[in-house]
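Descriptive structure summary
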Amino acid sequence: MTQPTIALFTGDPAGIGPELVQKLLNSPISQQAGKIILIAQNGSVQTPPQVEWHEWPGRHSPQFPKAVANADNGAYMIKALAEGVSLVRDGLADAFCFAPLNKSALRMGGMHQEDELRWFAEFLKYKGVCGELNVLQDLWTSRVTSHVALKEVSSLLTSEKVYESIEMISKALIASGKPSPRLAVCGLNPHNGDNGNYGDEELSIIAPGVELAKQAGIPADGPFPADTAFVRAIRKEGGYDGVVTMYHDQGQIAMKLMGFEKGVTVHGGLPIPICTPAHGTAYDIAGANLANPQAMCNAFELACRMGQHHKQFKQKVSAAS
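Values in this document were obtained by computation on a predicted structure and should not be read as measured data.

Our focus in this paragraph is the overall build of the protein. Looking only at helices and strands, the protein features 11 helices and 11 strands. Relative to a compact globule of 321 residues, whose C-alpha radius of gyration would be 20 Å, the protein shows 20 Å and is just as compact. Each of the three principal axes of the protein carries a C-alpha extent, and together these read 60 × 45 × 35 Å. In the protein, once contacts between residues fewer than 6 apart in sequence are set aside, the share between residues at least 24 apart is 71%. Here the protein displays about 14400 Å² of accessible surface, and carbon together with sulfur accounts for 52% of that area.

The next point concerns the packing of aromatic side chains. Using the criterion set out here, one finds 9 aromatic pairs in the structure. Each ring, one from phenylalanine 98 and one from phenylalanine 120, has its centre 6.0 Å from the other, and the planes form 55°; the classification is tilted. Separated by 22 residues along the polypeptide, phenylalanine 98 in strand S4 (residues 95-98) and phenylalanine 120 in helix H5 (residues 116-123) bring together distant segments of the chain. This pair shows no difference in class: phenylalanine 98 is buried, exactly as phenylalanine 120 is. Seen from their ring centres, tryptophan 119 and phenylalanine 123 are 5.1 Å apart, and the 15° between their planes marks the pair as stacked. Of this pair, tryptophan 119 and phenylalanine 123 are both found in helix H5, 4 residues apart, which corresponds to roughly one turn of the helix.

What follows covers the environment of threonine 47. You can see threonine 47 is positioned in the loop between strand S2 (35-39) and strand S3 (52-53). For threonine 47, a relative accessible area of 28% corresponds to the partly exposed category. For the pair threonine 47 and glutamine 22, spaced 25 residues apart in sequence, the C-alpha to C-alpha distance is 7.7 Å. The contact partners of threonine 47, leaving out residues within four places of it in the chain, are Leu25, Leu38 and Trp53. Here tryptophan 53 takes part through its side chain, which lies 3.1 Å from a polar atom of the side chain of threonine 47.

Another aspect to go through is the side chain of glutamate 19. Structurally, glutamate 19 can be placed in helix H1 (residues 17-25). Within the structure, the side chain of glutamate 19 is placed 2.7 Å from the side chain of lysine 23, a separation counted as a polar contact. Those residues in contact with glutamate 19 that sit more than four places away from it in its chain are Gly287, Asn289, Leu290 and Ala291.

Applying the stated rule across the entire model yields 9 salt bridges. Among the ionic pairs, aspartate 94 bridges to lysine 314, the shortest N-O distance being 3.7 Å. Taken as a pair, aspartate 94 in the loop between helix H3 (71-89) and S4 and lysine 314 in helix H11 (residues 294-320) lie far apart in primary sequence, 220 residues in all. We classify aspartate 94 as buried; its relative accessible area is 6%. In this structure, the salt-bridge partner of aspartate 241 is lysine 178, at a minimum N-O distance of 3.4 Å. Residue aspartate 241 is located in the loop between helix H9 (226-233) and strand S9 (242-245), and its partner lysine 178 is located in the loop between helix H7 (159-175) and strand S7 (183-186); the two are separated by 63 residues in the primary sequence.

Looking at the element boundaries, aspartate 12 is found in the loop between strand S1 (5-9) and H1. In this structure, aspartate 12 is buried with no salt-bridge partner, the nearest side chain bearing the opposite charge being lysine 66 at 7.8 Å. A polar contact is formed between the side chain of aspartate 12 and the backbone nitrogen of alanine 14, at a distance of 2.9 Å. Here the side chain of aspartate 12 touches asparagine 73 through a polar contact of 2.9 Å, side chain to side chain. Leaving out residues up to four positions away in the same chain, aspartate 12 has contacts with Gly17, Pro18, Asn73, Met77, Pro100, Leu101, Asn102, Thr281 and Tyr283.

Rules of the game
- Residues numbered from 1 in each chain as written.
- Predicted model: local features only at pLDDT ≥ 70, side-chain atom pairs only at ≥ 80, totals over all residues.
- Heavy atoms only, no water.
- Helix = DSSP H or I, 4+ residues; strand = E, 2+ residues; numbered from the N terminus.
- Rg over C-alpha atoms; globule rule 2.2 N^0.38 Å.
- Contact = heavy atoms within 4.5 Å.
- Areas by Shrake-Rupley, 256 points an atom, 1.4 Å probe, with all protein chains shown as cover.
- Phe/Tyr/Trp six-rings, centres within 6.5 Å; stacked < 30°, edge-to-face > 60°.
- Buried < 20%, exposed > 50% of the residue type's maximum accessible area, 1.4 Å probe, protein only.
- Polar contact = N/O pair within 3.5 Å; in protein donor to acceptor, adjacent residues only side chain to side chain.
- Salt bridge = Lys/Arg side-chain N within 4 Å of Asp/Glu carboxyl O.
- Lys, Arg positive; Asp, Glu negative; His and termini not counted.

Here is the structure:
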């Protein structure tokens, strides 16, 4: 089986991204798991012979000051994201992996969407369901609502959206090599609403969404009280491969407590695989050679697995036509 080709971007040049990618390139995983097309600045990293540099205008840009978020590094990142996505879209790479980005710099540089996921969807002209998935080793999470105020969550929940989030994470797990993923779904209210005493979203919205998933053949259970859902998920026997949460921090707090420097974000639902570390740009240690590369390595490894699946899927479609 031939290796997948990964478009790899060094992320925010003012943060720890170039250091993380350098450490990744120095590790055996980058040489064994996939071929690399590197999107970076000249001089930002030293590459092994097998790494192919991508020629793009940003490669020759002047160096950026460390720990400074401004329009210049924001615009640079946006251009690099376009290069990486285009390489996969055009069939020159099988997946895109990038080091952490700074959202403030992206906004100053011209990104007006809610986040880079929405920017990816718009760039790809993709109108389907998509959302951030968080991965910690063998446990995945998705969320029905994301970057919204907590007071708005209840009004944004529908049974269809619960089902779509379940379906999205199921498909992504299958694309990562998990053929029959089992999913746990969180409730919204304390004690799962206590049969409607503390809110009825579990009864009127979430449970019907879980039933829709079951009718579609997706193994999903719940809703479970959110304070025990992750305990259920990580059991050695009878556990789950993924947890569907109702809002951002319901899953993020648990995942980051279990492994802040290991987590990966997958931009789920998009027509191409995209992975990045779940942590930020760490301006406080930028340039100090202190960054832990574990999440970067995990993101690259997952991009390789999903890229291999994407590659095989394209080959099947091509053979069928």
